[in-house]
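One-letter residues, chain by chain:
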Amino acid sequence: MSRHVLVLNSGSSSIKFQLVAPEKDTSQPPYVSGLVERIGEDDGIVNLKFAGEKIEISEPIADHADGLSKAFALMDKHEVGPHSVEIAAVGHRVVHGGRLFSGPELINDEIIGMIRDLIPLAPLHNPANIVGIEEARKLLPDVPHVAVFDTGFFHTMPPAAALYPLNAEVASKFDIRRYGFHGTSHEFVSKQLPELLGRPAAEINQITLHLGNGASCAAIRGGQAVDTSMGLTPLAGLMMGTRTGDIDPGIIFHLYRNGMSIDEIDNLCNRQSGLKGVSGVNDFRVLQERMDAHDPDAWAAYQMYVHQLRRYIGSYMLILGRLDAITFTAGVGENHVGIRRDSMAELENFGIKIDEERNAQPNNGPRLISTDDSKVKVFVVPTNEELAIARYAMSFAH
Ligand code: ADP
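The model shown is predicted, which means the values in this text are computed figures rather than measured ones.

Structural notes on the packing of aromatic side chains
Moving on, step 1. Taken as a whole, this structure holds six aromatic pairs when the rule is applied.
Moving on, step 2. A ring pair is formed by F284 and Y305, whose centres lie 4.9 Å apart and whose planes are at 70°; its orientation type is edge-to-face. Placement of F284 in helix α11 (residues 284-292) and of Y305 in helix α12 (residues 296-320) is noted, with a sequence separation of 21 residues between them. The burial state of F284 is the same as that of Y305; both residues are buried.
Moving on, step 3. Between Y312 and Y316, the ring centres sit 5.7 Å apart and the planes meet at 75°, which makes this aromatic pair edge-to-face. With Y312 and Y316 both in helix α12 and four residues apart, this pair spans about one turn of that helix. In terms of burial, Y312 and Y316 fall into one category: buried.

Structure below.
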């Protein structure tokens, strides 16, 4: 039987999990996947998906330990859990690796301490990641646990891209620099380009666009990230579902001086802005329905989104100097035909030409969407962060 990796993504009030067999045919869906939601509430939910089935239970979930053990019990009941297959390793998504981690790490007490030291940089995410790691180690004590950091891929960014023009003493005291996020996805997608282009990785200059609920882009030269749109936090860069992306930082002082608290501004910028703040909705499918119904706010949000995207694509073309490929990924990038068409429109002078028919094909794996004579090749490559984490974790298995 194939060896599996349990992949855990532990958030502040939810835990996403999958059992993946990274040595098997990875075009298949995971063996089992699920979600524990509303941890700490009376109406907690655990759901499971496996072999075309969907199971959901609702009961109070006291904390992460309780949530994880309920998820294990539900998997065991349906004989699809970590006790029914061979688990070779557990892979944990960890949001912030700061300057301490450039790649995946085998977890021990010292590594947990280092992830804890980074809590000031990710006060919402790293504590939840640590709880997930500690609980999973208790439930599966005999296999390697591996931390895979969202920031790791961006460790190679040169200082000119990574440092902010902030007072150097303050920047150093508070570890303020551009760390980047979604690194696992940018790396997973960019690593497929050598095969898609038939050229060695070292020769390829590319831009990857991860457009999901959160959104970021990366400039990658010869397999190494040289710039990215997210910064100290995942609030920077492109306009997102509910996040502003780049705004004049003076806006924050202005709102503060006009009576909003820091927590209110944080909530405004992270959860009440972006597509949702402009149009009322953050899901692109609903946004598209509103655009089809000629809602001017939906159109305004869409045009801002496209504008921001083009701004970044343009600047990364210059940073790379020569561009070989642009790749769209994640929920919006993989599925929204219009975003790909409009963000790439009228760029023939820059060697970019989309093939309308190829672009309109449904999402069915990695594919070319530019014309044969487009100098820069444009692709859609579905991301799979869980598989990437599982592969890393498996590399530490006995
Ligand atoms: P996350 O950032 O939460 O991992 P995803 O990468 O799954 O998110 O992207 C989620 C977003 O993708 C949704 O909010 C939705 O806007 C968009 N999306 C998903 N499916 C489609 C689709 N078929 N057409 C257009 N947009 C889609």
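Points about the environment of Y392
Moving on, step 1. With respect to the helices and strands, the residue Y392 is situated in helix α16 (residues 385-394).
Moving on, step 2. Taking the relative accessible area as the measure of exposure, Y392 reaches 23% and is therefore partly exposed.
Moving on, step 3. Separated by 244 residues in the primary sequence, Y392 and V148 place their C-alpha atoms 7.6 Å from one another.

A word on the site of the ligand
Moving on, step 1. Taken together, G212, N213, G214, D283, F284, R285, A330, G331, V332, N335 and H336 are the residues near the ligand.
Moving on, step 2. Taking G331, its main chain carries an N or O atom lying 2.9 Å from an oxygen atom of the ligand.
Moving on, step 3. V332 has a polar backbone atom sitting 3.4 Å from an oxygen atom of the ligand.
Moving on, step 4. Burial of the ligand by the protein amounts to 67% of the accessible area it has alone, namely 570 Å².

Thoughts on the packing of helix α6 (residues 183-190) against α16
Moving on, step 1. Two numbers describe how α6 lies on α16: the axes approach to 9 Å, and their chain directions differ by 85°. By the angle class used here, α6 and α16 are roughly perpendicular. Across the interface between the two elements, T184, S185, E187 and F188 of α6 pack against E385, L387, A388, I389, R391 and Y392 of α16.
Moving on, step 2. The residue makeup of the contact of α6 with α16, split by class, is five nonpolar, two polar and three charged.

Quick word on the UniProt feature "site: Transition state stabilizer" (unreviewed entry) in the protein chain
Moving on, step 1. Mapped onto this numbering, the UniProt entry annotates "site: Transition state stabilizer" (unreviewed entry) at H182 and R243.
Moving on, step 2. Within the element layout of this structure, H182 appears in the loop between α5 (168-173) and α6.
Moving on, step 3. The exposure class assigned to H182 is buried, which follows from its relative accessible area of 11%.
Moving on, step 4. Note on placement: R243 falls in the loop between β11 (224-228) and α8 (250-257).
Moving on, step 5. In contact with R243, not counting residues within four places along its chain, are G214, M230, P234, L235, C269, N270, S273 and G274.

Cut-offs applied
- Residue indices follow the written sequence of each chain, beginning from 1 at its first position.
- Where totals are concerned, whole chains, interfaces and linings use all residues; where local detail is concerned, this predicted model gives features only for residues with pLDDT of at least 70, and gives and counts side-chain atom pairs only at 80 or more.
- Excluded from the side-chain calculations are hydrogens and water; all other atoms, namely the structure's heavy atoms, are used.
- In summary, the pairing rule links any two rings of Phe, Tyr or Trp, Trp by its six-membered ring, whose centres are within 6.5 Å, and it sorts them by plane angle into stacked for under 30 degrees, edge-to-face for over 60 and tilted for everything else.
- Secondary structure follows DSSP: runs of H or I at least 4 residues long count as helices, runs of E at least 2 residues long count as strands, and numbering of each begins at the N terminus.
- To sort residues, take the accessible area from a 1.4 Å probe on protein chains only and compare it with the maximum for the residue type: under 20% means buried, over 50% means exposed, and anything in between is partly exposed.
- Nearness of a residue to a molecule or strand requires only that one of the residue's heavy atoms be within 4 Å of it.
- Each polar contact in these results corresponds to two N or O atoms within 3.5 Å; when the atoms are within protein, one needs to be able to donate a hydrogen and the other to accept it, and residues that are neighboring in sequence are counted only if both atoms are side-chain atoms.
- For every accessible area listed, the method is Shrake-Rupley and the probe measures 1.4 Å; residues are considered covered only by the protein chains on display.
- Lines fitted to the C-alpha atoms define the axes, with helices restricted to the stretch that makes contact. Angles between their N-to-C directions range from 0 to 180 degrees.
- In what follows, roughly perpendicular refers to angles from 65 to 115 degrees, roughly parallel to angles under 35, roughly antiparallel to angles over 145, and oblique to any angle outside these ranges.
- For this analysis, residues touch if any pair of their heavy atoms sits within 4.5 Å.
- In this classification, Asp, Glu, Lys and Arg are treated as charged, Ala, Val, Leu, Ile, Met, Phe, Trp, Tyr, Cys and Pro as nonpolar, and every other residue, Gly included, as polar.
- UniProt positions are given in the numbering used here, feature names are shortened, and annotations may be inferred rather than shown by experiment.

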